Amino acid sequence: LKKICGGETQIVGLMFPSLQNLTLSFLNNLKYVLPIHLIPRNLNYIDIFRCSSLKFIFAAKDQRNLNIINLPCLKSMKLDSLPGLRKLVGTRKVR
């Protein structure tokens, strides 16, 4: 598993409109979690740990969108044991 969802549509928001908690662990091939435009707006908690290849949490299409992130309900983000983590938002060109 290299990514949770990489589609161009609002799949995650439509499939999980009430998603409030996201917990990921021991996904050693995961490169990024979600594209920025698919982040569920209701997320309250994000917990990610022991994903050794994770480069960034959210993916942007290009450099222009790297500073745009909207998590209005986020109360807590816990990140632990992520040795490959470079930054929270990066471009999708993952190697």
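Residues numbered from 1 in each chain as written. Predicted model: local features only at pLDDT ≥ 70, side-chain atom pairs only at ≥ 80, totals over all residues. Heavy atoms only, no water.

Caption draft 1: Region of the structure containing the packing of aromatic side chains. Counting across every chain of the model gives two aromatic pairs. On the numbers, 6.1 Å between centres and 80 degrees between planes, the contact of Phe26 with Phe49 is edge-to-face. Here Phe26 is found in the loop between β1 (21–25) and β2 (34–35), whereas its partner Phe49 is found in strand β3 (residues 45–49), with 23 residues between them in sequence. Considering the side-chain rings of Tyr32 and Phe56, the 5.8 Å spacing of their centres and the 10 degrees angle between planes classify their relative orientation as stacked. A residue pair is termed long-range when its members are at least 10 positions apart, and Tyr32 in the loop between β1 and β2 and Phe56 in strand β4 (residues 56–60) qualify at 24 residues. A single burial state applies to Tyr32 and to Phe56, both of which are buried. (Phe/Tyr/Trp six-rings, centres within 6.5 Å; stacked < 30°, edge-to-face > 60°. Helix = DSSP H or I, 4+ residues; strand = E, 2+ residues; numbered from the N terminus. Buried < 20%, exposed > 50% of the residue type's maximum accessible area, 1.4 Å probe, protein only.)

Caption draft 2: How the structure looks around the environment of His37. As for its position among the elements, His37 is in the loop between β2 and β3. His37 gets classed as partly exposed once you look at its relative accessible area, which sits at 27%. Separated by 33 residues in the primary sequence, His37 and Asn70 place their C-alpha atoms 9.3 Å from one another.

Caption draft 3: Representation of unusual backbone geometry. Phi angles above zero are rare outside glycine, and Arg50 is one such case at about 55 degrees. The exposure class of Arg50 is partly exposed, given its relative accessible area of 45%.

Caption draft 4: How the structure looks around the confidence of the model for the protein. Per-residue confidence for the protein averages 80 on the pLDDT scale, and 74% of its residues sit at or above 70. Confidence drops under pLDDT 50 across residues 8–13; counting only partners more than four residues distant or on other chains, this segment forms 14 contacts. (pLDDT = per-residue confidence, 0-100. Contact = heavy atoms within 4.5 Å.)

Caption draft 5: Looking closely at the sheet that holds β3. Overall, parallel pairing links the three strands, which are arranged β1-β3-β5 in an open sheet. Edge positions in the sheet fall to β1 and β5 (76–80), since each has one partner strand and no second. Pairwise comparison of adjacent strand axes, ignoring direction, gives a mean angle of 0 degrees for this sheet. (Pairing = 2+ DSSP bridges. Axes fitted to C-alpha atoms, helices over the stretch in contact; angles between N-to-C directions.)

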